[in-house]
Amino acid sequence: MSAIYILIGASLSLAVGFLFAFIKNAKAGQFDDDYTPSIRMLMDDEIPTEDTSKQTNTNL
Amino acid sequence: MESARQQTQTVCYHCGEVCKEDLVMTDDHAFCCDGCKVVYELLKENNLCSYYSIDQHAGISPKLKNFQGRFNYLDDPVVQQKLIRFNDGETTVVVFSLPQMHCSSCVWLLEHLYKLDEGISQSRTEFLRKEITIHYNPQVTTMRKVVELLTTLGYEPLLSLDNLSGKEQKSPQRVRVYRIAVAGFCFANIMMLSFPEYFHITEEGDHQLQTFFSYLNLAISLPVLIYSGGEFFQSAWQSLRAKFLNIDVPLVLSILITFVRSVYEIVSGTGAGYLDSMSGIIFFMLVGRYFQEKTHHALQFDRNYKSFFPISIMLRKGKETEESIPLTNLSVGDVMVIHSQELVPADSKLLSDEAHVDYSFVTGESAPVKIRKGELIYAGGKQTGGAIECEVLREVSQSYLTGLWNRDAFNKGEKVHTTFIDRLARNFTIFLLALSVGGFFYWLPTDMTRGLNALTTVLIVACPCALLLSATFTNGAIMRIFSRNKFYLKNPAVIESLAKVDHIVLDKTGTITNNVIKVKFYGDELGEVELEKVYSLVRHSNHPLSKSLTSHLSFCDARPVTDYVEIPGSGLSGRVDGIEVKIGNAAFCDVDDQSKTSFHGARVHVVILGHYAGYFGFERSFRTGAPEVIDGMKSAASLSFLSGDNEAERESLQKLAGANTPMFFHQTPENKMDYVKSLQDDGAFVAMVGDGLNDSGALQQSQVGIAVSDDVNNFSPACDAILEGSAFGNLDRLFQLAKHAQRIILASFGLSLLYNVVGLSFAVTGTLSPVVAAILMPISSISIILFTNGLSHLSALKLKLNH
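Residues numbered from 1 in each chain as written. Chains lettered and ligands numbered in written order. Predicted model: local features only at pLDDT ≥ 70, side-chain atom pairs only at ≥ 80, totals over all residues.

Broken down by element type, chain B carries 30 helices and 28 strands. Expressed as a percentage of the 803 residues in chain B, the buried residues total 41%. Relative to all contacts within chain B whose residues are 6 or more apart in sequence, the contacts with residues 24 or more apart total 65%. (Helix = DSSP H or I, 4+ residues; strand = E, 2+ residues; numbered from the N terminus. Buried ≥ 20, exposed ≤ 12 C-beta atoms within 10 Å, placed from the backbone. Contact = placed C-beta atoms within 7 Å.)

Turning our attention to the overall build of chain A. What chain A contains, in helices and strands, is 3 helices and 0 strands. Start at the N end of chain A and walk to the C end: the helices and strands fall as α-α-α. When the 60 residues of chain A are sorted by exposure, 0% land in the buried category.

This next bit is on the nonpolar core. All names here are of chain B. Membership of the largest hydrophobic core comes to 97 residues, with the highest contact counts inside it found for Ala 183, Ile 282, Val 505, Met 688, Ile 706, Ala 721 and Leu 723. The element contributing the most residues to this core is helix H19 (residues 465-484), with 12 residues. Setting aside its immediate chain neighbours within four residues, Ala 721 contacts Phe 487, Tyr 488, Leu 489, Lys 490, Val 494, Val 704 and Ile 706. Counting 55 residues, the second-largest nonpolar core is a separate cluster that includes Tyr 13, Phe 96, Trp 108 and Tyr 359. (Core = buried A, V, L, I, M, F, W, Y, C linked by C-beta atoms within 7 Å.)

Another aspect to go through is the interface of chain A and chain B. With 22 residues of chain A at the contact, the number on the chain B side is 21 residues. Listed by contribution, the elements that provide at least two residues to the side of chain A that touches chain B are helix H1 (3-27), helix H2 (36-40) and helix H3 (49-54) of chain A. The biggest single contributor to the side of chain A that touches chain B is H1(A), with 7 residues. Classifying every residue of the side of chain A that touches chain B by side-chain character gives 13 nonpolar, 4 polar and 5 charged. (Nonpolar A, V, L, I, M, F, W, Y, C, P; charged D, E, K, R; others polar.)

Moving on, we get to unusual backbone geometry. Note: most residues except glycine have negative phi, and most peptide bonds are trans. For B:Lys486, which is not glycine, the phi torsion reads 65° and is therefore positive. Its place among the elements puts B:Lys486 in the loop between H19 and strand E16 (487-489).

Bringing the sheet that holds strand E11 (residues 354-358) of chain B into the picture now. Reading across from one edge, E12-E11-E14 (chain B) is the order of the 3 strands in this open sheet, with antiparallel pairing throughout. Only two strands of the sheet have a single partner each, and these edge strands are strand E12 (369-372) and strand E14 (382-383) of chain B. (Pairing = 2+ DSSP bridges.)

This part is about the pairing of strand E6 (residues 131-136) of chain B. Residue and element names in this part refer to chain B. Where strand E4 (residues 92-97) and E6 come together, 6 bridges link them in antiparallel fashion. Residue pairing for E6: Val 94 is matched across the bridge by Ile 134. Bridge count for strand E5 (residues 120-126) against E6 is 6 bridges, and the pairing is antiparallel. Looking at the pairing, Ser 123 lines up with Ile 134 of E6. As consecutive antiparallel partners, E5 and E6 are separated by 4 residues, and within that stretch Lys 130 has a phi angle of approximately 55°, a positive value.

Another point: the pairing of strand E9 (residues 335-338) of chain B. Residues and elements named next belong to chain B. A one-sided burial pattern is seen for E9, the buried positions being Met 336 and Ile 338 and the unburied ones Val 335 and Val 337. As judged from the 2 bridges shared by strand E7 (residues 312-317) and E9, these two strands associate in the antiparallel manner. Directly across from Leu 315, in E9, lies its bridge partner Met 336.

Next up on the list: the sheet that holds strand E13 (residues 376-377) of chain B. Residues and elements named next belong to chain B. Spatially, 6 strands are ordered E8-E7-E9-E15-E10-E13 in an open sheet, and the strand pairing comes out antiparallel. Unpaired on one side and paired on the other, strand E8 (321-326) and E13 mark the two borders of the sheet. Relative to E13, strand E10 (residues 348-350) is paired through 2 bridges, and the arrangement is antiparallel. Pairing of Ser 348 across the sheet is with Ile 377, part of E13.

Moving on to H19(B). Over its 20 residues, H19(B) extends 28 Å from the first C-alpha to the last, a length consistent with the 28 Å expected when each residue adds 1.5 Å. Just downstream of H19(B), B:Lys486 is the residue with a positive phi angle, here 65°. (Expected span 1.5 Å × (residues − 1).)

Once that is clear, we can look at helix H20 (residues 493-500) of chain B. Burial analysis of H20(B) places 6 of its 8 residues in the buried class, the great majority of the element. Within H20(B), the full set of buried residues consists of B:Val494, B:Ile495, B:Glu496, B:Ser497, B:Leu498 and B:Ala499.

Right, let's talk about the packing of helix H13 (residues 275-292) of chain B against H19(B) for a bit. All names here are of chain B. As a packed pair, H13 and H19 sit with axes 8 Å apart at the nearest point and diverge in direction by 25°. With respect to their mutual orientation, H13 and H19 come out roughly parallel. The handedness of the crossing between H13 and H19 comes out as left-handed. Taking contact as the criterion, the partners of Ile 281, Phe 284, Met 285, Gly 288, Arg 289, Phe 291 and Gln 292 in H13 are, on H19, Cys 465, Leu 468, Leu 469, Thr 472, Phe 473, Asn 475, Gly 476 and Met 479. Here the contact of H13 with H19 is built from residues that sort into 9 nonpolar, 5 polar and 1 charged. (Axes fitted to C-alpha atoms, helices over the stretch in contact; angles between N-to-C directions. Parallel < 35°, antiparallel > 145°, perpendicular 65-115°, else oblique. Left-handed = near helix turned anticlockwise from the far one by under 90°.)

This part is about the confidence of the model for chain A. Per-residue pLDDT for chain A has a mean of 74; in total, 70% of the residues score no lower than 70. Taken as a whole, residues 49-60 of chain A scores under 50 in pLDDT and shows 8 contacts with residues more than four places along the chain or in a different chain. (pLDDT = per-residue confidence, 0-100.)

Residue and element names in this part refer to chain B. By secondary structure assignment, the location of Asp 563 is in strand E19 (residues 561-567). In this structure, the C-alpha to C-alpha distance between Asp 563 and Gly 574, residues 11 residues apart in sequence, is 4.9 Å. In this view, Asp 563 contacts Gly 574 and Arg 575; residues no more than four positions away in its chain are not counted.

With that settled, consider the packing of helix H10 (residues 207-228) of chain B against helix H12 (residues 248-268) of chain B. Residue and element names in this part refer to chain B. Running from N to C, H10 and H12 point in directions that differ by 160°, and their axes come no closer than 11 Å. On the basis of the axis angle, H10 is roughly antiparallel to H12. Relative to H12, H10 is oriented so that their crossing is left-handed. Of H12, the residues touching H10 (which contributes Ser 214, Tyr 215, Leu 218 and Leu 225) are Phe 259, Val 263 and Ile 266. When its residues are assigned to classes, the contact of H10 with H12 shows 6 nonpolar, 1 polar and no charged.

As structure tokens, this is what we get:
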């Protein structure tokens, strides 16, 4: 039964580790803006189709 | 097909506004103005046209085309220093607030600024705060250039005196997140370590293990009590010091008693205590407050005149030179150059020949006032003509407008809301204390332990957390429903004040009416020649009605006028191309005013060559839904109307609101404030609904000040709530929802009391096993959360509001 002391200790220290990771990230501002990243991730860097599809008749 | 549609209605490719006559065509796309076209071309040149493919018509029409020199003050290192967040010579970081940011296209474009200016290395937006953080190299570009680029694109940064004085503050919400994290962590672990207790796994020889678990629980519960619960202790302590019992006092009492009793049980080895309940309560309370106070980052509820004034002003130095200085450095005797559409920041004397100043910001009266050389211009007026020069007579803080802020209403500090919860808390606490102490003394002579038991059990079981949870989660749900309906509250206490309102004072101009005047002709159809005659005559007059008629007929050509006579208060007459034209009120034109009662606004009659042609009707259109709103509110509260404007719409308003509704016109900001005060002195609970700065006194004085604004992020005076203009049609139902909220709180409070009573009776008879009790505790909290949320959304559904 004494194994349980070690196991409890291990599980608690693991959980405390996660808690600190969370607080550290919250401090860095990761949870301040929960909206803009959702827009940002959908944006491609370039949309190369722009020139061909929309401006075929005006390209000189 | 294409051309047929274009003839009926063409919308601007850039901003989506309906194009009028002067539409500009480029690349097969139509633009409503040159400004939009310029932005489009700039984007096209830099291959940024996917801006248009993310959201259609996302653009903002850059209304201020000419900003030559307007941002020169940004070259001043002192001003820069106030805006810069970080600077190491290579990289400078600035944060601007861009109220125009409104869609994902905006985010896309603003994060691609580096393509438009090579000095910008990075730009990141924060959509909810409507802020942008820009990193630029000061050796390649300047702050002025960055701001000018943003302005060209239509996103003019909000730079006001207020922005300069205060820097970013750390949000209290973030600290709350830490507290919730700690409480949640400890709550879950304490529950896990209590398993042996719940399931009675207490075989012989394991007594040692159970003691170990109990002490571990005690250790884990300390951070919950000290760190997470800290804000309740603080708030309770503050309220006790102010000799006032708020709801946190009984909560803290209950938490402390639970803790002390648990410590006693663990140390004496008589039990495992109630540390799981204690940390659960703290966890749920914190979550509730987090949701309740999820703030509207981008909105500001405490604006004063400083937020409305520009941060810099152009000064005339010498004949040809202008210099831009920060407004704070403006002193008496300086000569300011005010461009079109700019605010005059201080009381001053006009040096130019004439100015047309729009005081609607200050007084609510919309027609521009003509001011001649040497006359006084009050601060807050907006120049509508060309650029003018004027000499400062009084400092910014001493001006007529800013003087309003020295009145009492602005100095009384935060409005104190004694809420229903606080009152209930007081009675509840007294009752609870009496009950537990009574129980204690009843058992004391016979059985000391039993007396102590009674004392603590009552306090633990009857914890007011149920009541608090009901209130916080209902308020949270209602706040979110409100903001989905474009109604933003400063804090949850406003909901309760809204429910108590019994007198609603409405400002007219800009609040229930739009700011646009509709002009329509009633009578025989006038031909182009006649209209030309009318136009030629009225353009000489400065009467407000003539002014709006002139702009209404601006498509006509002016003809020469002879024998021009203007009789103030009556009308004008003259000969256009030799033909006699009379324009004016009924008496002036010799017509029977009563015969044409179909129209209720202001009227201007037209007589051409002695023949009566008809009249022009002037009407401010009501906001969409305004008649229904007034009708809906009439039944719930008394109404009053105040207006800084003239009486032109008294009749139409009186018809709408009922003949007995008090209405006052030509009201100054002080008049409005005093009116609200007089209502309060008669015992009314007043809500003031207004817009501009001219209502700010009344908004501040009233118990609930609601600012109606077409652009919520831009201009709204200090208030308790901000309503977006487009959502005005919901106002009456929003008031009703606030009333429903109070009933929901009571209902869920009743439900939670029921839980407590049932739980108590089981606990007393000892039929409830610890594991069932441990499961029921969080379930009862969650069921209350679901109950309040469900009911809030249900009543929003019933009131046909967005939810």
